[in-house]
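# Coordinates in review
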Amino acid sequence: MKKQDLFMRFLLGGSAVSLSYLITVVSPWKILAGIFAAFPAVMLTAVIMVGIASGTKKATNIARGSVYGMMGGIICVIAVLVTLQETSNWLFSITIGLVSWLVSSVTISTLRERATRKVVRQA
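The structure reproduced in this document is the subject of the present report. (Residues numbered from 1 in each chain as written. Predicted model: local features only at pLDDT ≥ 70, side-chain atom pairs only at ≥ 80, totals over all residues. Heavy atoms only, no water.)

## With respect to unusual backbone geometry
With glycine set apart, most residues show a phi of negative sign, and most peptide bonds adopt trans. You will see that S88, though not glycine, has its phi angle at about 60°, which is positive. By secondary structure assignment, the location of S88 is in the loop between α4 (56-87) and α5 (90-122). (Helix = DSSP H or I, 4+ residues; strand = E, 2+ residues; numbered from the N terminus.)

Given below as C-alpha cells:
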C-alpha cells in the first residue's frame, strides 16, 4: 500500500469518525449519539479509495461486501446490548459483539453466495 493511500484513508476515515463524535457531543438528543456511532466511515473511505485507485467496478464490490458487514453490525449491536445488560461488563460485551459481528457477517456472506450459485445452476 502506498503511503499516500494510507494517509488518505487515515484522513478520510478519521475525519468522519471525529465529525460523528463531535455531533454526538454537541447534540441535545441522547439517541443521536448511538445513531452516529453507527456511521459507516470505514466503508465510505474504502469505497472512495478503491474507486480512485481501481475504478467503479471494484468500488461496487467493496460496497456490496459492506452490506454483509453492516448486517453483521446489527447482530453486533444486539449482542453488545444484551451482554451489557446481563453482565454489566463493557469489555466482555464488546468482545462478544465483535465475535458475533465477524461470525454473522461471514455466515451471511456464505449463505448469499450459496444461494446465488444455486440459482445460477438452476437457470
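## Here we look at the packing of α4 against α5
Between α4 and α5, whose axes approach to 7 Å, the crossing angle comes to 150°. With respect to each other, α4 and α5 are oriented roughly antiparallel. Judged by the sense of rotation from one axis to the other, the crossing of α4 with α5 is right-handed. A breakdown of the residues in the contact of α4 with α5 according to their chemical character gives 14 nonpolar, 11 polar and 2 charged. (Axes fitted to C-alpha atoms, helices over the stretch in contact; angles between N-to-C directions. Parallel < 35°, antiparallel > 145°, perpendicular 65-115°, else oblique. Left-handed = near helix turned anticlockwise from the far one by under 90°. Nonpolar A, V, L, I, M, F, W, Y, C, P; charged D, E, K, R; others polar.)

## Details of the environment of T87
Tracing the sequence through the fold places T87 in helix α4. Dropping the residues within four chain positions of it, T87 is found in contact with F92 and S93. A distance of 2.7 Å separates a polar atom in the side chain of T87 from the backbone oxygen of T83. (Contact = heavy atoms within 4.5 Å. Polar contact = N/O pair within 3.5 Å; in protein donor to acceptor, adjacent residues only side chain to side chain.)

## Digging into the side chain of T45
Relative to the helices and strands, T45 resides in helix α3 (residues 41-54). Contacts of T45, omitting those with residues within four sequence positions, involve R9, L12 and G13.

## Here we look at α3
In a regular helix each residue adds 1.5 Å, so 14 residues correspond to 20 Å; α3 covers 20 Å between its end C-alpha atoms and thus fits that length. If you check which residues of α3 are buried, you get A41, T45, A46, M49 and V50. Summarising the axial view, the buried residues of α3 lie within an arc of 145°, below the 170-degree limit, and thus occupy one face. Backbone geometry just downstream of α3 places G55 in the positive-phi region, at approximately 100°. (Expected span 1.5 Å × (residues − 1). Buried < 20%, exposed > 50% of the residue type's maximum accessible area, 1.4 Å probe, protein only. Arc of directions from axis to C-beta.)

## Description of α5
Its 33 residues place the ends of α5 47 Å apart at the C-alpha level, agreeing with the 48 Å of an ideal helix rising 1.5 Å per residue. Taken as a whole, α5 has its buried residues at S93, G97, S104 and S105. Of the residues flanking the start of α5, the one acting as N-cap is N89, its side-chain oxygen 3.2 Å from the backbone nitrogen of L91.

## Notes on the side chain of T83
By secondary structure assignment, the location of T83 is in helix α4. A relative accessible area of 12% means that T83 is categorised as buried. Sequence-distant contacts of T83, defined by excluding residues within four places in its chain, comprise S88, F92, S93 and I96.

## Observations regarding the packing of α3 against α4
Contact geometry for α3 and α4: axes closest at 7 Å, N-to-C directions at 160°. For the element pair α3 / α4, the angle class is roughly antiparallel. Where α3 crosses over α4, the handedness of that crossing is right-handed. Across from M43, A46, V47, V50, G51 and S54 in α3, the residues of α4 making contact are T56, K58, A59, I62, A63, S66 and M70. Taken together, the residues of the contact of α3 with α4 break down into 8 nonpolar, 4 polar and 1 charged.

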